[in-house]
Amino acid sequence: MPYDLGATARLTAECRDPGGALTTAATAVVTVTLPDGTLATPTPEETATVGLYQADYVTDAPGRHTVRWLFTTPAHAYTDSFDVRDEAPPTVLSLTDAKSLLKKEGSADDPLVRFWLEATTRAVEYFVGPVVVRTVTEDQQVSLAQAITLRKVPAIALQSVTSLRNGGSGYDTAALHLDPVTGLVTRRDGGLLRGPLQFVYSAGRPVITGNILGAAQLILQHLWRTLSGPGRPQRGGDDFDVTEPIPGLGYAIPNRAKQLLSPDDDGPGIA
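Cut-offs used in this document
- Residues numbered from 1 in each chain as written.
- Predicted model: local features only at pLDDT ≥ 70, side-chain atom pairs only at ≥ 80, totals over all residues.
- Heavy atoms only, no water.
- Helix = DSSP H or I, 4+ residues; strand = E, 2+ residues; numbered from the N terminus.
- Buried < 20%, exposed > 50% of the residue type's maximum accessible area, 1.4 Å probe, protein only.
- Contact = heavy atoms within 4.5 Å.
- Pairing = 2+ DSSP bridges.
- Phe/Tyr/Trp six-rings, centres within 6.5 Å; stacked < 30°, edge-to-face > 60°.
- pLDDT = per-residue confidence, 0-100.
- Axes fitted to C-alpha atoms, helices over the stretch in contact; angles between N-to-C directions.

**What about the side chain of Thr 243?**
Okay, so step 1: Summarising the element assignment, Thr 243 is placed in the loop between α3 (210-227) and α4 (255-260).
Okay, so step 2: Classification of Thr 243 as buried rests on a relative accessible area of 10%.
Okay, so step 3: What Thr 243 contacts, discounting residues up to four positions off in sequence, is Ala 252, Ile 253, Asn 255 and Lys 258.

Structure (structure tokens):
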């Protein structure tokens, strides 16, 4: 399961001789490749078990990390990977609410519950756009336009609009109008927008409505029952009749949840 940003990842590997027996190596080096391509080399040590090595690495960047172990005398190598969450990963439901819904006590299943919470949030936002409020940085490759449409809606507020060209000028956000439902940005004086531009804005829903919360509960229960429960995979009763696997998600969700997340009269994807 992913680590929280700032947590210590304990990395482990075995050194084996050509015959497959655990053995002590003359040297051991572990290299962690971060998502941006930079390298870290935590100090490895052999544990009380011969041939079993470990190294502690304090995470400082979100994303996929690759781990490479190299041993000499005997020559042996091992490659692995791990993921690190964003500092504040968006989840529609809190861990406390999710555990209550799934009737989970204690913390033994917390990592798995959190994993499916993130999958649930992705499913919900696939249909209705950002729910949890977050900051979005978006490049718009336009030359001259009457209006520019932001990709993440609902969009709450513009934070900055800057030119992507050297020496280019951006725009004071107070001089621009943002339609939160459509994401349409226009100049208040009616003039044209000259790009390309980088927009930094907040998107999401400060208040999460009942239909979204209800859909999230249905999806979480479905994912837990079908993918984490005993004898998985399985299918529940009528309440959990599901869609076909959804392109972009790779898994099905309850039809009732999809109905709750259907667009309404406020516009596409605004629930």
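**Brief notes about the sheet that holds strand β3 (residues 39-40)**
Okay, so step 1: Pairing is antiparallel across the open sheet formed by four strands, whose spatial order is β3-β2-β6-β7. Both edges of this open sheet fall to β3 and β7 (76-84), since each of them pairs with a single strand only.
Okay, so step 2: Bridge count for strand β2 (residues 27-33) against strand β6 (residues 63-72) is seven bridges, and the pairing is antiparallel. Opposite Thr 33, over in β6, you have Thr 66 as the bridge partner.

**So, the packing of aromatic side chains**
Okay, so step 1: All chains considered together, the criterion is met by six aromatic pairs.
Okay, so step 2: Judged by centre distance (5.9 Å) and plane angle (10°), the ring pair of Trp 69 and Phe 71 falls under stacked. Both residues of the pair, Trp 69 and Phe 71, belong to the buried class.
Okay, so step 3: Here Phe 115 and Trp 116 contribute two aromatic rings whose centre-to-centre distance is 4.9 Å and whose plane-to-plane angle is 80°, an arrangement assigned as edge-to-face.
Okay, so step 4: We classify Phe 115 as partly exposed; its relative accessible area is 33%.
Okay, so step 5: One aromatic cluster in this structure is built from Tyr 3, Tyr 57 and Phe 82.

**What about the confidence of the model for the chain?**
Okay, so step 1: When pLDDT is averaged across the chain, the result is 90; 92% of the residues are at 70 or more.
Okay, so step 2: Below a pLDDT of 50 lies the segment residues 231-240, which in the model reaches 17 contacts outside its immediate sequence neighbourhood of four places, other chains included.

**Some remarks on the sheet that holds strand β8 (residues 134-140)**
Okay, so step 1: Taken in spatial order, the three strands line up as β8-β15-β11 in an open sheet, and their pairing is antiparallel. Both edges of this open sheet fall to β8 and β11 (155-163), since each of them pairs with a single strand only. Shown here is a sheet whose adjacent strand axes are inclined to one another by a mean of 20°, direction ignored.
Okay, so step 2: Sheet topology note: the β11/strand β15 (residues 197-203) ladder contains seven bridges and is antiparallel. Following the sheet pairing, Val 161 is matched in β15 by Phe 199.

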